[in-house]
Number of protein chains: 2
Amino acid sequence: MQKNKSEKYHNILNSAGAVFAEFGFYKATISQIATRAGVADGTLYLYFKNKEDILYQFISFKTNVVFKEMRAAVESGTTAEEKLRQLIQCHLREFQNDKNMAIIFQSEVRYLRDIESQIKDISKMYLDLLSEIIEQGQIEGSIRQDLFVGLVKRFILGAVEGVISTWVSADGRYDLVSMADPLVDLYLDGVRGE
Amino acid sequence: MQKNKSEKYHNILNSAGAVFAEFGFYKATISQIATRAGVADGTLYLYFKNKEDILYQFISFKTNVVFKEMRAAVESGTTAEEKLRQLIQCHLREFQNDKNMAIIFQSEVRYLRDIESQIKDISKMYLDLLSEIIEQGQIEGSIRQDLFVGLVKRFILGAVEGVISTWVSADGRYDLVSMADPLVDLYLDGVRGE
DNA sequence: TTTAATAATGAATCTTTATTCATTTTTAGC
DNA sequence: GCTAAAAATGAATAAAGATTCATTATTAAA
């Protein structure tokens, strides 16, 4: 198994992403991935331990990339509200720009239940970003004090994921990023009338 | 294949639910399900077309039950706010009372992408319930007019699902239903301070 | 009790694929 | 251009597990 992350490695990884996204992990076959990558079946085993490892590495790689972006986005804001807007915008942008990733994160991550790993911590990292933002907002006074923060975080992440999920179901036919501000407005002000 | 939904049919369905929830659809085996149900492998095929059909029927059955409950819950309220509270409470209660269902809805429904069916409409039915409530609220004046309803619905459902998902990850160790009111408060009033 | 229909069994079959590895091709240093 | 190491190939292997079906057990009516 090669050690350096060569061009071929990433080529296979991307092909795998496309195939997993289209068929799901279990229905996807090694041959499909190999064919799409333009290599022989056996070649995959020079770069990956096994089929599961391909999924694992895909998710792991994407997670790293996306989190770097997200952290940068958060740091680009000053107030809690700015940071939140930047985060949600970044989240939607990254997923919009990589629909395979969006689909896989949505459908396959659940299958990694057993695999103890950094992967379990995808949401955790995200929720930690949110924690920081919420705490800052509470200090600033822009966010209420009387909140169950654990619930608020889940509330925010759940809603973004729901929006992404709908977008995926709609085959990515509309602009996802434009949902960011309306969504944050909902977080902040709720739906109550009068 | 039997036609009437006998006791054995439901026994198998429940066993399947437990096994699917524990191992996931693809890692679950027919033998595991049969053993847990206390019947022979072949017996499953007297009641179900194939393995996928078992999952399909499980989801289908649970969906019907839960939707009956949800509709009743909504109808038990008068104002939009009451209806929303009842719906979310019912949602959380039903999932709390049937963790296998919660896990399966969360992890496996995505796999039915290809299967065109009433199952695709799980969220749709739910979103329709929400539509009614939101529209009523807008007429009453308890919900703002200037909302993108499509987004609001997704926002609400996404957040509940997120909360359920966290509860499942935490192995169902706390009371899910008690999250209902705080959650609805978030929908209504948001997190903004002062 | 006999019998015919119905239900259940579980070992054998069949299919599908992930994985291996003996062989071939490519690469790069000389 | 030669050669040894590295990389790639893809046919053969092996394992798993879904599904079938000939056989056995159960049921219920006469």
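Summarised in this report is the structure supplied together with it. (Residues numbered from 1 in each chain as written. Chains lettered and ligands numbered in written order. Predicted model: local features only at pLDDT ≥ 70, side-chain atom pairs only at ≥ 80, totals over all residues.)

With that out of the way, let us pick up the overall build of chain A. Helices and strands together make up the secondary structure of chain A, namely 9 helices and 0 strands. Counting from the amino terminus, helix and strand elements in chain A follow one another as α-α-α-α-α-α-α-α-α. Dimensions of chain A, computed from the C-alpha atoms along their principal axes, are close to 65 × 35 × 30 Å. The proportion of buried residues among the 194 residues of chain A is 38%. Contacts spanning at least 24 positions in sequence make up 62% of the contacts within chain A whose residues lie at least 6 apart. (Helix = DSSP H or I, 4+ residues; strand = E, 2+ residues; numbered from the N terminus. Buried ≥ 20, exposed ≤ 12 C-beta atoms within 10 Å, placed from the backbone. Contact = placed C-beta atoms within 7 Å.)

The next point concerns the interface of chain A and chain B. The partner chain B presents 36 residues to the 35 residues of chain A that form the contact. Taken together, the elements giving at least two residues each to the side of chain A that touches chain B come down to α6 (99-107), α8 (149-169) and α9 (180-189) of chain A. Per-element accounting of the side of chain A that touches chain B gives the leading share, 11 residues, to α8 of chain A. The residue inventory of the side of chain A that touches chain B, partitioned by class, reads 18 nonpolar, 10 polar and 7 charged. (Nonpolar A, V, L, I, M, F, W, Y, C, P; charged D, E, K, R; others polar.)

As a further point, take the protein's contact with DNA strand C. The immediate surroundings of DNA strand C are formed by 16 residues, with Ile30 and Asn50 of chain A together with Ala40, Gly42 and Thr43 of chain B found nearest. Counting only elements with at least two residues in the surface near DNA strand C, the list comes to α2 (30-37) and α3 (41-47) of chain A together with α3 (41-47) of chain B. The element best represented in the surface near DNA strand C is α3 of chain B, accounting for 4 residues. (Near = placed C-beta within 6 Å.)

Once that is clear, we can look at the protein's contact with DNA strand D. If you check the shell around DNA strand D, you find 16 residues, and the closest are Ala40 and Gly42 of chain A together with Ile30, Gly42 and Asn50 of chain B. Those elements that place two or more of their residues in the surface near DNA strand D are α3 of chain A together with α2 (30-37) and α3 of chain B. In terms of residues, the surface near DNA strand D owes the most to one element, α3 of chain A, which gives 4 residues. Broken down by class, the residue content of the surface near DNA strand D amounts to 5 nonpolar, 7 polar and 4 charged.

So, about the relation of the copies chain A and chain B. You can overlay chain A on chain B at an RMSD of 0.0 Å; the transform is a turn of 180 degrees with a shift of 0.0 Å along its axis. Overall, the copies show the geometry of a two-fold rotation axis. Same-surface contact between copies: 100% of interface residues of chain A are shared with the interface of chain B. (Least-squares fit on C-alpha atoms with pLDDT ≥ 70 in both.)

Residue and element names in this part refer to chain B. Listed as buried for helix α9 (residues 180-189) are Ala180, Leu183, Val184, Leu186 and Tyr187. Taken around the axis of α9, the buried residues stretch over an arc of 150 degrees, which confines them to a single face. Just past α9, the residue glycine 190 takes up positive phi, approximately 70 degrees. (Arc of directions from axis to C-beta.)

Here we take up unusual backbone geometry. The backbone of aspartate 171 of chain A sits at a positive phi, close to 65 degrees, despite the residue not being glycine. Of note, aspartate 171 of chain A is situated in the loop between α8 and α9.

Residue and element names in this part refer to chain B. If you trace the backbone, glutamate 81 turns up in helix α5 (residues 80-97). Taking the number of C-beta atoms within 10 Å as the measure of exposure, glutamate 81 has 19 and is therefore partly exposed. Measuring from C-alpha to C-alpha, the distance between glutamate 81 and isoleucine 134 comes to 9.0 Å, with 53 residues separating the pair along the chain.

Checked against the element boundaries, tyrosine 174 of chain A lands in the loop between α8 and α9. When the C-alpha atoms of tyrosine 174 of chain A and glutamine 96 of chain A are compared, they prove to be 9.6 Å apart, with 78 residues separating the residues in sequence.

So, on to the environment of aspartate 53 of chain A. All names here are of chain A. Assignment of secondary structure puts aspartate 53 in helix α4 (residues 51-75). A residue is classified by how many C-beta atoms lie within 10 Å of it, and aspartate 53, with 15 of them, is partly exposed. When the C-alpha atoms of aspartate 53 and isoleucine 12 are compared, they prove to be 12 Å apart, with 41 residues separating the residues in sequence.

To continue, consider the packing of helix α1 (residues 7-23) of chain B against helix α6 (residues 99-107) of chain B. All names here are of chain B. The contact between α1 and α6 brings their axes to 9 Å, and the two run at 55 degrees. Taken as axis vectors, α1 and α6 run oblique relative to one another. Crossing angle aside, the handedness with which α1 passes α6 is left-handed. On α6, the residues touching Gly17, Ala18, Phe20 and Ala21 of α1 are Asn100, Met101, Ile103 and Ile104. Looking at the contact of α1 with α6 residue by residue, the class counts come to 6 nonpolar, 2 polar and no charged. (Axes fitted to C-alpha atoms, helices over the stretch in contact; angles between N-to-C directions. Parallel < 35°, antiparallel > 145°, perpendicular 65-115°, else oblique. Left-handed = near helix turned anticlockwise from the far one by under 90°.)

Further remarks concern the packing of helix α1 (residues 7-23) of chain A against α2 of chain A. Residues and elements named next belong to chain A. For the pair α1 and α2, interaxial distance at closest approach is 8 Å and the crossing angle is 125 degrees. One way to sum up the angle between α1 and α2 is to call them oblique. Every pair of crossing elements has a handedness; the one defined by α1 and α2 is right-handed. Within the contact between the two elements, α1 uses Asn11, Ile12, Ser15, Ala16, Ala18 and Val19 and α2 uses Gln32, Ile33, Arg36 and Ala37. A class-by-class count of the residues in the contact of α1 with α2 yields 6 nonpolar, 3 polar and 1 charged.

All names here are of chain A. Between the first and last C-alpha of helix α5 (residues 80-96) there are 24 Å, a value that for 17 residues agrees with the 24 Å anticipated at 1.5 Å per step. Summarising burial for α5: 12 of the 17 residues are buried, a large majority. Considered for burial, the residues of α5 that qualify are Ala80, Lys83, Leu84, Arg85, Gln86, Leu87, Ile88, Cys90, His91, Leu92, Glu94 and Phe95. (Expected span 1.5 Å × (residues − 1).)

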